[in-house]
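Structure assessment
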Amino acid sequence: MKTIIEPFKIKSVEPIRFTTPEERHKILVDAGYNPFLIHADDVLIDLLTDSGTSAMSAQQWAGIMLGDESYAGSKSFYNFESVVKKITGLKYIIPTHQGRAAEKILFSILGGPGKYFPNNTHFDTTRANIEFTGAEADDFLNEIGKHPEIKADFKGDIDLEALEAFIKQKGAANIPLVMLTVTNNSGGGQPVSMHNIRETKKLCKKYGLPLFIDACRFAENAYFIKKREPGYAERTVLSIAQEMFSYCDGATMSAKKDGLVNIGGFLALNDEQLALNCRNLLIVTEGFPTYGGLAGRDLEAMAIGLEEVLDEHYLQYRIRSVEYLGERLVAAGVPIIEPPGGHAIYIDAKKFLSHVPPHQYPGQSIVCALYETGGVRSVEIGSVMFGKYAGDGSLISPPMELVRMAIPRRVYTQSHVDYLLEVILDVFKFRESLGGYRITYEAPMLRHFTARFEPI
Ligand SMILES: *Cc1c(COP(=O)(O)O)cnc(C)c1O
């Protein structure tokens with residue numbers, strides 16, 4: 001097999017700014033050793049997130065010019081609606097400005113105290129929107145998905161036995177819907193199998209519950225099914241995606257991921273009354289149902305992006321570039337979550353910096369070293385992001401200390417990835433010289449965004 005190449009040529013380029021290690025050291029000190037506080041201009045390779053950071057195609061940029069900005073009944077809305085209907089088969093398509101706006105509307109209507117929402121793993125905004133209504137968000141990830149060192153094909157699957165026990169315990173009447181997040185973002189971008197989606201649907205049917213899909217990375221999930229699940233190798237990714245959605249009664253989507261756009265999302269439903277209620281709330285919070293908080297041009301770009309993301313050459317390049325990075329890291333002995341998911345590589349910081357205890361934030365130390373060494377921006381997902389304090393002021397750490405490197409779509413080439421590898425391997429070589437950090441300032445909530453640190 002020949003080298004898998006980027007399935008595009010480059011027509012418009014955006015220069016990246018080079019800095020010296022000395023400059024980066026000063027930038028890091030000024031930012032309180034928190035890469036969230038660094039100007040993006042001072043970053044060479046930005047792996048903070050894959051959300052809204054995709055490069056749009058020439059076709060999408062042409063779509064921007066074709067966008068119909070009519071307040072009501074925009075042609076761009078109907079283009080968008082027909083693409084989403086084709087992929088999902090769902091009847092009522094409601095545009096929103098991003099994924100969490102769809103969640104906010106859905107859970108404002110279905111949530112409330114005494115309600116329970118099971119999922120394989122809720123994404124943070126999903127959990128927050130559920131809890132905000134007074135309802136409870138519950139995770140039922142399969143056991144295998146909880147072990148970073150175990151290699152398996154579908155580590156995003158939901159645990160059906162645990163889910164059924166939960167439904168019996170809480171009562172179906174208190175569970176407005178069951179959700180599956182594909183791929184499982186909070187669990188390392190791991191895919192959910194078609195078998196698991198189908199069986200979840202069967203279970204939901206048995207108890208009369210609707211099944212919803214958090215579809216942010218539906219195309220990446222469909223591609224994993226094609227590659228890994230028996231019986232799907234010859235199917236198109238579109239038909240696999242269509243089958244995935246055929247088992248659901250509704251979906252929420254952040255098009256900032258597999259919509260290949262910088263802003264956008266939607267809510268898709270089959271229930272007419274629920275769609276009516278959602279549209280009424282949409283008018284209050286987002287806008288008229290044919291634009292939902294977006295410009296006509298955004299709807300046009302989304303319609304095109306949702307078709308482009310199903311291109312199999314694109315998905316092959318996408319999944320392979322993440323896998324390639326993962327393979328090289330594993331070969332060099334760098335501890336990562338295996339196998340790599342669809343959109344990111346997660347370094348196991350506990351193993352990488354085994355001499356730095358969780359309360360000295362090993363993940364933050366790696367994040368700082370990656371920036372200082374090579375201008376690479378990544379994000380800590382560990383005690384900084386999820387740590388809580390006990391009554392005596394000691395830190396309660398989450399089970400894992402991770403560093404996430406999320407890969408933006410269609411943005412970086414193989415030589416960028418090779419450079420990134422060199423930077424990570426450099427840091428790995430001098431890991432024993434890296435120390436821990438202490439927090440000098442923190443906000444009462446979501447402290448990772450604004451915290452300041454100093455080396456111990
Ligand atoms: C990003 C994301 C969301 C929220 O979408 P936004 O567009 O950031 O509001 C919800 N669920 C998952 C799985 C996501 O990755």
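What counts, and at which threshold
Residues numbered from 1 in each chain as written. Predicted model: local features only at pLDDT ≥ 70, side-chain atom pairs only at ≥ 80, totals over all residues. Heavy atoms only, no water. Phe/Tyr/Trp six-rings, centres within 6.5 Å; stacked < 30°, edge-to-face > 60°. Buried < 20%, exposed > 50% of the residue type's maximum accessible area, 1.4 Å probe, protein only. Helix = DSSP H or I, 4+ residues; strand = E, 2+ residues; numbered from the N terminus. Contact = heavy atoms within 4.5 Å. Pairing = 2+ DSSP bridges. Axes fitted to C-alpha atoms, helices over the stretch in contact; angles between N-to-C directions. Parallel < 35°, antiparallel > 145°, perpendicular 65-115°, else oblique. Left-handed = near helix turned anticlockwise from the far one by under 90°. Nonpolar A, V, L, I, M, F, W, Y, C, P; charged D, E, K, R; others polar. Near = heavy atom within 4 Å. Polar contact = N/O pair within 3.5 Å; in protein donor to acceptor, adjacent residues only side chain to side chain. Patch = residues over 30% accessible without salt bridge, like charges linked within 9 Å, V, L, I, M, F, W, Y side chains within 5 Å. Areas by Shrake-Rupley, 256 points an atom, 1.4 Å probe, with all protein chains shown as cover. Salt bridge = Lys/Arg side-chain N within 4 Å of Asp/Glu carboxyl O. Domains from an automatic or database assignment. Buried area = accessible area lost by both parts, 1.4 Å probe.

Let us now look at the packing of aromatic side chains. One pass over the structure, following the stated rule, counts 15 aromatic pairs. Between Phe77 and Tyr78, the ring centres sit 5.1 Å apart and the planes meet at 75 degrees, which makes this aromatic pair edge-to-face. According to the relative accessible area criterion, Tyr78 is partly exposed, its value standing at 43%. A connected cluster of aromatic rings, assembled from ring pairs, spans Phe77, Tyr78, Phe80 and Phe266.

Attention shifts here to helix 8 (residues 218-228). Since there are 3.6 residues in each turn of an α-helix, residues three or four apart along the chain are aligned in direction. Counting buried positions along helix 8 gives 9 out of 11 residues, so the element sits mostly inside the fold. By the burial criterion, the buried members of helix 8 are Phe218, Ala219, Glu220, Asn221, Ala222, Tyr223, Phe224, Ile225 and Lys226. Elements in contact with the buried residues of helix 8: helix 3 (75-88), helix 7 (194-206), helix 9 (237-246), strand 7 (250-254), helix 11 (296-308) and helix 12 (312-331).

Sheet architecture is open: 3 strands sit in the order 9-14-11, paired in antiparallel fashion. Strands with a single pairing partner mark the edges of an open sheet, and in this sheet they are strand 9 (344-348) and strand 11 (379-381). On average, each strand axis in the sheet is inclined to that of its neighbour by 30 degrees, with strand direction left out of account. Sheet analysis places strand 9 next to strand 14 (residues 402-406), joined by 5 bridges and oriented antiparallel. Each residue of the ladder has a partner; that of Asp348, found in strand 14, is Leu402.

Time to look at the packing of helix 4 (residues 99-110) against helix 5 (residues 124-132). The geometry of helix 4 relative to helix 5 is characterised by a closest axis approach of 9 Å and an angle of 25 degrees between their N-to-C directions. Between helix 4 and helix 5, the angle is such that the two are roughly parallel. Every pair of crossing elements has a handedness; the one defined by helix 4 and helix 5 is right-handed. Residue-level inspection shows Arg100, Glu103, Lys104 and Phe107 of helix 4 in contact with helix 5, the latter providing Thr125, Thr126, Asn129, Ile130 and Phe132. Tallied by class, the residues present in the contact of helix 4 with helix 5 amount to 3 nonpolar, 3 polar and 3 charged.

Okay, the environment of Ile27 next. If you trace the backbone, Ile27 turns up in helix 1 (residues 21-30). Owing to a relative accessible area of 17%, Ile27 belongs among the buried residues under this scheme. Here the alpha-carbon distance between Ile27 and Leu44, two residues 17 residues apart in the chain, equals 13 Å. With near-sequence residues (within four places) excluded, Ile27 lies in contact with Thr19, Ile38, Asp42 and Tyr371.

Time to look at the sheet that holds strand 6 (residues 211-214). Sheet strands pair via backbone hydrogen bonds, and the direction of the pair is either parallel or antiparallel. Read from one edge of the open sheet, 5 strands run 2-8-7-6-5, paired in mixed fashion. On the outer flanks of this sheet lie strand 2 (92-96) and strand 5 (178-181), each paired with one strand and no other. Put simply, the sheet's adjacent strands are angled 15 degrees from each other on average, direction ignored. The pairing of strand 6 with strand 7 spans 3 bridges and is classified as parallel. Each residue of the ladder has a partner; that of Phe212, found in strand 7, is Gly250. Packed onto the sheet, helix 10 (residues 272-285) meets strand 2, strand 6 and strand 8 (265-269) and runs at close to 20 degrees relative to strand 2.

Attention now goes to the site of the ligand. Looking at the ligand, there are 14 residues lining it, with Arg100, Asp214, Arg217, Ser254 and Lys257 nearest. Between the ligand and Arg100, the relevant distance is 2.7 Å, taken from an oxygen atom to a side-chain nitrogen or oxygen of the residue. For the ligand, an oxygen atom lies 2.6 Å from a polar atom in the side chain of Ser254. If one sorts the elements of the shell around the ligand by residue count, helix 4 sits on top with 3 residues.

Below, the discussion takes up a nonpolar patch on the surface. On the surface, a cluster of nonpolar side chains totalling about 310 Å² of accessible area is made up of Tyr71, Ile283 and Phe288. With respect to the secondary-structure elements, Ile283 resides in helix 10. Under the relative-accessibility criterion, Ile283 is labelled partly exposed at 45%.

Looking now at the packing of helix 8 against helix 12. Taken N-terminus to C-terminus, the directions of helix 8 and helix 12 make an angle of 85 degrees; their axes are 10 Å apart at the nearest point. One finds that helix 8 runs roughly perpendicular with respect to helix 12. For the pair formed by helix 8 and helix 12, the contact residues are Ala219, Glu220, Tyr223, Phe224 and Lys226 on the first element and Glu312, Leu315, Gln316, Arg318 and Ile319 on the second. Split by residue class, the contact of helix 8 with helix 12 holds 5 nonpolar, 1 polar and 4 charged.

A large share of strand 2 lies buried, amounting to 5 of its 5 residues. Of the two faces of strand 2, the one holding Tyr92, Ile94 and Thr96 and the one holding Ile93 and Pro95 are both buried throughout.

Quite often, the size of an interface is put as the accessible area lost when its parts meet. Partitioning the protein chain into domains gives domain 1 (21-50 + 311-455) and domain 2 (58-308). A C-alpha centroid distance of 28 Å is found between domain 1 and domain 2. In this assembly, 22 residues from domain 1 lie in contact with 28 residues from domain 2. Buried area between domain 1 and domain 2, summed over both chains or domains, comes out near 2100 Å², and the portion from carbon and sulfur atoms is 53%.

That bond from Val182 to Thr183 is cis: its omega, -20 degrees, falls within 30 degrees of zero. Along the chain, Thr183 turns up in the loop between strand 5 and helix 7. Of note, the amide linkage connecting Glu338 to Pro339 takes the cis form, showing an omega dihedral of -15 degrees. If you trace the backbone, Pro339 turns up in the loop between helix 12 and strand 9. Unlike most non-glycine residues, Leu260 shows phi in positive territory, near 55 degrees. The phi dihedral of Tyr361 is positive, around 55 degrees, even though this residue is not glycine. Residue placement: Tyr361 occurs in the loop between helix 13 (349-352) and helix 14 (362-374). The class for Tyr361 is buried, based on a relative accessible area of 3%.

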